[in-house]
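Spelled out from the first residue to the last, the chains are:
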Amino acid sequence: MFKVVVALMLWSAPLFAAEPLVLRYPQLAEVSDQRSEYPLALLRLALDKMAIKAELQPTSQTLSKSRAIALLQQEREVDIVWTMTSKEKEASLLPVRIPLMKGLGAYRVLLIRRGAQQLFEAGLPLKRFKQRIFAQGHDWVDTQILRQHRFSVQPASDYPTLFQMLDKGRVDAVPRAVTEIIPELSRYQQQGAALELEQHWLLHYPGAVYFFVAPSQATLAALLEQGLEKAISDGSFDQLFQQHFDDDIKLLKLNERHLLELENPLLPAATPVERKELWYKLEPKRYTELNLDPIQK
């Protein structure tokens, strides 16, 4: 594999050296939305490690996750996306199998309405916990996983609607990635939403957020993989990760929460789970493993 990658790098060097590479990525709905900051910083880091000059451009319009993936498959308007992997995505797109969030994005803390903590008290039976109404994006992998575990999930048509549904009391909670929930809470509180962090629970299903490119872009995928591997080797990957997420990890007190470990039947077999250096490991004090009912597999 290494020889193949080196050959690709040498072959492609003139292609990328002639002029800056333009990579178009999906634009988010709000300028204040910080979810793209870390992936873009990591993308720039990987490109810098390979000495590739690149211009990163948001699309002219905001795109849902499913729309962005469809355009990437068609090689129209979008050149790269970052999203949680699944068997379906890896069948139609080319993944760069380095978990961008070190798996931390698959740990979920609940965003709830202010004063609603009693709905999720520490001793809440699992059956009642799963009967609370959770909002997730209609085209998210998370929605499929939670439903297969018989959680009550209300799909949202787009990202802002998640928080509107919660603020209006139409749902009980919105599970959000540890890597995203603190800036989201701050942003929506500033906009007047009566939201807060749930204090006791932590959901996790094995998962990885990857860069994805079109299947025809094997050279680009190989270059990004090598750039990320270089960043891992020299410590700059971990440095960037810590810079973005260490404060939030401490604030959320993740190891003091009750962890619900859910099986992820959508996780591809090629996920590099054996490479321990790629993953963030939590050791919560309370742990419950939830397996799929055989009838649902």
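Residues numbered from 1 in each chain as written. Predicted model: local features only at pLDDT ≥ 70, side-chain atom pairs only at ≥ 80, totals over all residues. Heavy atoms only, no water.

**Re the layout of surface pockets**
Thinking step 1. Space inside the largest pocket adds up to approximately 770 Å³.
Thinking step 2. Elements that contribute at least two residues to the lining of the largest pocket include exactly strand E1 (21-27), helix H3 (65-74), strand E3 (81-84), helix H6 (141-148), helix H7 (159-167) and strand E8 (173-177).
Thinking step 3. At 4 residues, E3 tops the list of elements feeding residues into the lining of the largest pocket.
Thinking step 4. Each residue belonging to the lining of the largest pocket can be placed in one class, and the counts come to 18 nonpolar, 10 polar and 9 charged.
Thinking step 5. Its boundaries defined by the atoms lining it, the second largest pocket holds a volume of some 400 Å³.
Thinking step 6. Lining the second largest pocket are 15 residues, and of these Tyr107, His204, Trp279, Tyr280 and Lys281 sit closest to its centre.
Thinking step 7. Here the lining of the second largest pocket is composed, by residue class, of 9 nonpolar, 3 polar and 3 charged. (1 Å grid on protein atoms, 1.4 Å probe; cavity = no way out; pocket = protein on both sides within 12 Å on 5 of 7 lines; lining within 4 Å. Points joined across faces, edges and corners; volume = space filled by probe spheres on them. Helix = DSSP H or I, 4+ residues; strand = E, 2+ residues; numbered from the N terminus. Nonpolar A, V, L, I, M, F, W, Y, C, P; charged D, E, K, R; others polar.)

**Some remarks on the nonpolar core**
Thinking step 1. With 81 residues, the main nonpolar core has Leu111, Phe129, Phe151, Val178, Leu224, Leu228 and Leu254 as its most contacted residues.
Thinking step 2. Among the elements that take part in this core, helix H2 (residues 37-49) stands out by supplying 7 residues, more than any other.
Thinking step 3. Sequence-distant contacts of valine 178, that is, excluding residues within four places in its chain, are made with Leu104, Tyr107, Val109, Leu202, Asp248, Ile249, Leu252 and Leu254.
Thinking step 4. In terms of nonpolar packing, the next biggest core, distinct from the first, is built from 14 residues, Ala68, Leu72, Val78 and Phe212 among them. (Core = buried A, V, L, I, M, F, W, Y, C linked by side-chain atoms within 4.5 Å. Buried < 20%, exposed > 50% of the residue type's maximum accessible area, 1.4 Å probe, protein only. Contact = heavy atoms within 4.5 Å.)

**Thoughts on the environment of proline 95**
Thinking step 1. Here proline 95 lies in strand E4 (residues 94-96).
Thinking step 2. C-alpha of proline 95 to C-alpha of alanine 222: the two residues are 127 residues apart in sequence and 9.9 Å apart in space.

**Observations concerning the sheet that holds E4**
Thinking step 1. What the 3 strands build is an open sheet, ordered E3-E11-E4; its pairing is antiparallel. With partners counted over all chains shown, the strands left at the sheet margins are E3 and E4, one partner each. Sheet twist, expressed as the average angle between the axes of neighbouring strands with direction ignored, equals 45°.
Thinking step 2. Here E4 runs beside strand E11 (residues 209-213); their pairing, made up of 3 bridges, is antiparallel. Opposite leucine 94, over in E11, you have valine 213 as the bridge partner. (Pairing = 2+ DSSP bridges. Axes fitted to C-alpha atoms, helices over the stretch in contact; angles between N-to-C directions.)

**A word on H6**
Thinking step 1. Among all positions in H6, only Val141, Asp142, Thr143, Ile145 and Leu146 are buried.
Thinking step 2. Arginine 150, located one to two residues past H6, shows a positive phi value of around 65°.

**Description of the packing of H7 against helix H8 (residues 181-190)**
Thinking step 1. Following both chains from N to C, one finds H7 and H8 inclined at 65°, their axes separated by 12 Å at the closest point. Here H7 runs over H8; the crossing is right-handed. For the pair H7 and H8, contact is made by Tyr159, Pro160 and Phe163 and by Glu184, Arg187 and Tyr188, respectively.
Thinking step 2. Residue composition of the contact of H7 with H8, by class: 4 nonpolar, no polar and 2 charged. (Left-handed = near helix turned anticlockwise from the far one by under 90°.)

**Some remarks on unusual backbone geometry**
Thinking step 1. Of note in the backbone geometry, lysine 102 takes a positive phi value of approximately 55° without being a glycine.
Thinking step 2. Along the chain, lysine 102 turns up in the loop between E4 and strand E5 (107-113).
Thinking step 3. Here lysine 102 falls in the buried class, since its relative accessible area comes to 7%.
Thinking step 4. Residues other than glycine seldom take positive phi values, yet arginine 150 does so here, at roughly 65°.
Thinking step 5. On the secondary structure map, arginine 150 appears in the loop between H6 and strand E7 (152-156).

Geometric values such as these leave the question of function open.
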